[in-house]
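# A structural walkthrough
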Amino acid sequence: MIALRENIGSDFVDRVEHIFSPEGLLAKAKNFEYRPEQQQMAVAVARALEEQRHLVVEAGTGVGKSLAYLVPAILFAVERKKKAVISTYTINLQEQLVYKDIPILQKVLPVEFEAVLWKGRQNYLCPKRLERAMNNAAELFTGPEQEELKRIWEWSHTTREGTLSDFSIEPDPAVWTQVCSEQHICTARTCGADSRCFYQQARKRLVSADVVVMNHTLFFMNLGPLEEIDEEESGYIFSNDFVIFDEAHTLEGVASKHVGIGVSQYGLRYVVQRLYNARTKKGMFTVLRNAEGVREAAELADDLDKFFAQIEERSNFKKGREYRVREPDMVADTITAKLAKLQALIVAALKITDDEILKAELQDLGRRIREARLGIAEFLGQSAEEHVYWVEKTGKTQQFISLNAAPVDIAPHLRALLFRADGCCIATSATLSVGGEKLSYFRNRVGAEEVTALQIGSPFDYSKQMKLYVTKKMPDPRDPGYEAALAQWIEHFVEMSKGRAFVLFTSYKTMQSLADQLEKKFAKGGWNLLVQGKGMPRHRLVEEFKKGDRCVLFGTDSFWSGVDVPGEALSNVIITRLPFAVPDHPLVEARLEMIEAHGGDPFTEYSLPEAILKLRQGVGRLIRTKQDSGIVVILDNRIMTKNYGTAFMKALPQCPVEIV
Ligand code: SF4
């Protein structure tokens, strides 16, 4: 350990600091501008890496935080022979890192390094599975599916990377899932070294890379459940790694989904039907000529539908897509014994099969059935401690049911998984603070109570670049005249900025209604109205907005964060309502109850800070560069009339305020 420390040299932090100085290496890069805030963050990250401790950093917009963590991470990884895992929430940021920032650093930094973008394994074609699928096509696939299989086969001879993104038209998921790489099917027994294996080629690059970029979901999927972490093992995903989470404000949400139960009717039915599908008369048991298996799988598919129909009957979806289940045994367990029987049939079939790849496929299906069986039993018995349980409607037309459970408080899990004594985890985002001391709200939520926190302000001059309008004259949101007044004020402020505005809503219904009311008026003013949810995907809406000269974009949830429109195209951000989350999601409801049960105040300890974070993110859409300027309008008078209004005002950038 001491020798390694000497290897990197005690001047590591100084060297990083110098790289970010006006005379440093980065000054050679195109468009580099010296920013003391960026240098400060880079030094803090370098120090945390050198001392192998965790760090939480809020770096305001414009700090240039990606370079501030990439430079120390790359140097540290190369010099210490470690792997830097960089995890982000959005694909946009991953692309920025891989296609923009990292190539710049490959030119400028004095070390050679390899960086790869890790896509999930199921993105890659498995030639072995494809070959087997082709051999058994008649027994496994319907006519149209066989056509699709043929298309994948032809594509497999021309593709370079063998990943989904190489298709001009993405294949049918029902066929792709049977020919893509799968962890449990890909073993030394099933496959030696297939020279055309795209996944293995990618894996080799992954293993030898110094920097691996991935998303939070993939990170938690590969991190595995708490119990499986080996005490001796020092890494998170690779044996000698450290991790940097960007967009860390999303960590709690993503982690909650992974440390819990999720059994979907659709997924389980699909697994059973891969064994035998009574409608198409195809499946693994047909390939094996296993009559008993065919009969059992066919019956089970029906039994599953009946079981989930009973769950649906007992659920009350009046409040939304989710229904919280507070007591165990919401329905009788009519299904786990049947799933166990099917598993036993799979085990018996395995004994009389020689084909290794078929065996692996069967084992994989058996494992999935087992997981679902245990998940259903746990859901019905509510046996996991301090978890909240709920039923959710899924699918395009909400035609399926899923059973879910998640820990009410994710902090103890993340403390053990991420902020453990032998790890080094750095979490950063532009929005972590809710106005309190040392990012304590965020740190408490993710189990990083003991972790050093650093807050670095934005280099932008908000006092010159931004002006805030607050409308005291707006009626209360519960007032009957609220919507009419909202339409009037939106029109007023859109006119003020000549379009070029984001109008952010908290309710889809209100947004649609306002869009209908204002569409004609906007057209008269020459402003092109773009509305979320009218068929155009989110990224296309943003592209259209950027291209247009005088656009107005109406958006809900996903437009409050992660959208970057620098320049004049966006000169006005209108917040229609303070973004308090409606506490009807079972997880939110359970969190509020838990705070109350511990003698706390759910409003000030959860609802208010969450709303402040979201408001800061919404407001943060406006100023993206030093040249940007514009107005932010808050059309919710509660910011003036309620006591908590000051907490919102204090958390916003310091700029001129006009009350109208
Ligand atoms: S190594 Fe695994 S993913 Fe690759 S061809 Fe073989 S089974 Fe498929």
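The rules behind each value
Residues numbered from 1 in each chain as written. Predicted model: local features only at pLDDT ≥ 70, side-chain atom pairs only at ≥ 80, totals over all residues. Heavy atoms only, no water. Helix = DSSP H or I, 4+ residues; strand = E, 2+ residues; numbered from the N terminus. Rg over C-alpha atoms; globule rule 2.2 N^0.38 Å. Buried < 20%, exposed > 50% of the residue type's maximum accessible area, 1.4 Å probe, protein only. Contact = heavy atoms within 4.5 Å. Areas by Shrake-Rupley, 256 points an atom, 1.4 Å probe, with all protein chains shown as cover. Lys, Arg positive; Asp, Glu negative; His and termini not counted. Charge placed at Lys NZ, Arg CZ, Asp CG, Glu CD. Pairing = 2+ DSSP bridges. Core = buried A, V, L, I, M, F, W, Y, C linked by side-chain atoms within 4.5 Å. Disulfide = S-S within 2.5 Å. Polar contact = N/O pair within 3.5 Å; in protein donor to acceptor, adjacent residues only side chain to side chain. Axes fitted to C-alpha atoms, helices over the stretch in contact; angles between N-to-C directions. Phe/Tyr/Trp six-rings, centres within 6.5 Å; stacked < 30°, edge-to-face > 60°. Lys NZ or Arg CZ within 6 Å of the ring centre and 35° of its normal. pLDDT = per-residue confidence, 0-100. Parallel < 35°, antiparallel > 145°, perpendicular 65-115°, else oblique. Left-handed = near helix turned anticlockwise from the far one by under 90°. Nonpolar A, V, L, I, M, F, W, Y, C, P; charged D, E, K, R; others polar. Salt bridge = Lys/Arg side-chain N within 4 Å of Asp/Glu carboxyl O.

Moving on: the overall build of the chain. Along its length, the chain carries 27 helices and 18 strands. A compact globule built from 660 residues should have a C-alpha radius of gyration of about 26 Å, and the chain, at 27 Å, falls within 12% of that. The principal-axis extents of the C-alpha atoms in the chain amount to approximately 80 × 70 × 55 Å. When the 660 residues of the chain are sorted by exposure, 53% land in the buried category. In the chain, the proportion of contacts linking residues at least 24 apart, taken out of those at least 6 apart, comes to 76%. For the chain, the exposed surface amounts to about 30800 Å²; the carbon and sulfur share of it is 49%. Each charge sign in the chain was given a centre, from 84 positive and 89 negative side chains, and these centres are 4 Å apart.

Here R289, not a glycine, exhibits a phi torsion of approximately 50°, which is positive. A positive phi angle is found at Q382, which is not glycine, with a value near 50°. Tracing the backbone shows Q382 in the loop between helix 17 (356–381) and strand 8 (387–394). On the basis of relative accessible area, Q382 is assigned to the buried category, the value being 18%.

Regular strands show a simple pattern: their side chains alternate between the two faces of the sheet. Within strand 1 (residues 55–59), five of the five residues are buried, which leaves the element mostly enclosed by the surrounding structure. Across the two faces of strand 1 the burial is the same, with L55, V57 and A59 and V56 and E58 all buried. Where strand 1 lies against strand 10 (residues 425–429), four bridges are found, and the strand directions are parallel. Of the residues in strand 10, the one forming a bridge with E58 is S429.

Bringing the nonpolar core into the picture now. L275 and L403 are the most contacted members of the largest nonpolar core, which has 63 residues in total. Once you skip the residues sitting within four places of it in the chain, L403 turns out to touch I261, G262, V263, F307, F308, I311, I376, F379, W390 and V391. With 48 residues, the next largest nonpolar core counts L67, V71, A77 and L454 among its residues.

Let us now look at the state of the cysteines. With the rule as written, the count across this model stands at zero disulfides. There is no disulfide at C425, and the cysteine sulfur nearest it, in C424, is 7.7 Å away.

Among the secondary structure elements, T353 is positioned in the loop between helix 16 (336–351) and helix 17. At 2.6 Å, the side chain of T353 and the backbone oxygen of A349 are in polar contact. Those residues in contact with T353 that lie beyond four places of it in its chain are L288, L358 and K359.

Turning our attention to the sheet that holds strand 4 (residues 211–215). Sheet architecture is open: seven strands sit in the order 3-4-2-5-10-1-11, paired in parallel fashion. The outermost strands of the open sheet, each flanked by one partner alone, are strand 3 (115–117) and strand 11 (452–456). Averaged over all pairs of adjacent strands, the angle between their axes in this sheet comes to 20°, without regard to strand direction.

With that settled, consider the sheet that holds strand 15 (residues 551–555). Strand order in this open sheet of seven strands is 14-15-13-16-17-12-18, and the pairing throughout is parallel. Each having just a single partner strand, strand 14 (528–531) and strand 18 (657–659) make up the two edges of the open sheet. Direction aside, the axes of adjacent strands within the sheet are offset by 15° on average. Taken together, the four bridges between strand 13 (residues 501–504) and strand 16 (residues 572–575) define a ladder with parallel strand orientation. Bridging across to strand 16, V503 finds its partner in I574. Most of the contacts of helix 25 (residues 602–619) go to strand 16, to which it runs at about 155°, and overall it touches strand 12 (466–470), strand 13, strand 16 and strand 17 (630–634).

Take the packing of aromatic side chains next. The tally for this structure, following the rule as stated, stands at 27 aromatic pairs. Relative to F493, the ring of Y469 has its centre 5.3 Å away and its plane inclined at 55°; by these criteria the two rings are tilted. Taken together, the residues span a long stretch of sequence, with Y469 in strand 12 and F493 in helix 21 (residues 482–496) at a distance of 24 residues. For the pair F502 and F559, a centre-to-centre distance of 6.4 Å together with 90° between the ring planes defines the contact as edge-to-face. Of this pair, F502 sits in strand 13 while F559 is found in the loop between strand 15 and strand 16, placing the two residues 57 residues apart along the sequence. This pair shows no difference in class: F502 is buried, exactly as F559 is. Its end group placed over the ring of Y482, R577 keeps NZ or CZ at 6.0 Å from the ring centre.

Next up on the list: the confidence of the model for the chain. Caution applies to low-pLDDT regions: their predicted coordinates should not be interpreted in detail. With 96% of its residues at a pLDDT of 70 or more, the chain shows a mean pLDDT of 92. Note on residues 1–7: pLDDT is under 50 here. Beyond four places in sequence and across chains, it has seven contacts. Every residue in residues 225–229 is under pLDDT 50, and counting partners more than four places away or in other chains gives five contacts.

With that out of the way, let us pick up the packing of helix 15 (residues 291–314) against helix 16. As a packed pair, helix 15 and helix 16 sit with axes 10 Å apart at the nearest point and diverge in direction by 155°. Judged on the interaxial angle alone, helix 16 and helix 15 are roughly antiparallel. The two elements helix 15 and helix 16 cross, and the hand of that crossing is left-handed. Across the interface between the two elements, E292, G293, E296, A297, L300 and D303 of helix 15 pack against K338, L339, K341, L342 and L345 of helix 16. Taken together, the residues that form the contact of helix 15 with helix 16 break down as five nonpolar, one polar and five charged.

Let's shift gears to the environment of Q363. By the element assignment, Q363 lies in helix 17. Separated by 16 residues in sequence, Q363 and V347 place their C-alpha atoms 7.9 Å apart.

Our focus in this paragraph is the pattern of salt bridges. Under the counting rule described, the total for this entry stands at 37 salt bridges. Here D364 ties to R367 by a salt bridge, and the two come within 2.8 Å at their closest N and O atoms. In this pair, D364 and R367 both sit in helix 17, three residues apart, roughly one turn of the helix. Here E371 and R367 are joined by a salt bridge, their closest N and O atoms 3.1 Å apart. Here E371 pairs with R367, and both are found in helix 17, just four residues apart, close to one helical turn. For R367, a relative accessible area of 22% translates into the label partly exposed. Members of the salt-bridge network, linked through shared partners, are E182, D364, R367, R368 and E371.

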